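Structural overview for review
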Amino acid sequence: MKTLSALLLIVSLTSVHAAPLKLVQDEEAGTISVFRSGGEEPILVENARSDHRPYIHPIVAPDGNGILTEYSPGHHPHQTGVYWGMTRVNGRDFFHNPSNGYWKLLEANIIVAEGDVVQWETIYHMLDEEGTALMEETQVWSMRDLGDQYFVDLIWSGKAHTDITISEYDYGGLFLRMPFKRGVTEGEATNSARQVNQRAEGQRASWVNVGMQIE
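Residues numbered from 1 in each chain as written. Predicted model: local features only at pLDDT ≥ 70, side-chain atom pairs only at ≥ 80, totals over all residues. Heavy atoms only, no water.

**Some words on the pattern of salt bridges**
Per the counting criterion, the structure on display carries three salt bridges. One salt bridge in this structure joins arginine 36 and aspartate 145, with 2.6 Å as the shortest N-O distance. Of this pair, arginine 36 sits in strand E3 (residues 31–36) while aspartate 145 sits in strand E10 (residues 133–145), and the two are 109 residues apart along the sequence. A residue is classified by how much of its surface remains accessible, and arginine 36, at 24% relative accessible area, is partly exposed. (Salt bridge = Lys/Arg side-chain N within 4 Å of Asp/Glu carboxyl O. Helix = DSSP H or I, 4+ residues; strand = E, 2+ residues; numbered from the N terminus. Buried < 20%, exposed > 50% of the residue type's maximum accessible area, 1.4 Å probe, protein only.)

Set out below in structure tokens:
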């Protein structure tokens, strides 16, 4: 067995006091939802269906005004909110194929149901053309709410079930789809090398900060 792991962090920095959160799982719908204490609507939803890769959508803005993620826009139907998808694993494209016999749910579990930090996990098989597991991937998510921002952490790990080759590609891995409309939406990306927008495209960097206006 071979294991590949990665730690990724989505953050914004200010404020200090975390507010209590609560996780609610709906096995029939295939969701794990994050609620604020006393809240009636979720602020973040993990989708973990049996025949579809796991993804997060929606994420509601901390002030409750607007949705930060977008699911399957017509021009990029494979992009599903926040998700992990590698583009070439033994020739298989898990980035552009969120379903279609590429994924099989094993488990979706709540780890820490309530508190300042909540945590959950999804475990999937990534399938070959015959429906046999190439790799088992585990995503462990945790979240805390600072009122005017969220911290959302992901620990991703993969366990190979056969010899694995992950080929180089322009993109793949952790991905965030936001409700961007070219020529309409104001936005900016800056990376750790202080490259901005097109200059930051496809560049190696320790971090990237992406900001945009939403309705």
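Now that the structure is up, let's keep going.
**Observations regarding the environment of isoleucine 67**
Mapped onto the fold, isoleucine 67 is located in the loop between strand E5 (55–59) and strand E6 (82–85). It is 28 Å that separates the C-alpha atoms of isoleucine 67 and tyrosine 102, two residues lying 35 residues apart in sequence. When sequence neighbours within four positions are dropped, the list of residues in contact with isoleucine 67 reads His57, Pro58, Ile59, Val60, Pro179 and Ile214. (Contact = heavy atoms within 4.5 Å.)

**Let's talk about the environment of aspartate 163**
Note on placement: aspartate 163 falls in the loop between strand E11 (150–160) and strand E12 (173–176). A relative accessible area of 58% means that aspartate 163 is categorised as exposed. As for aspartate 163 and asparagine 90, which are separated by 73 residues in sequence, their C-alpha atoms are 8.6 Å apart.

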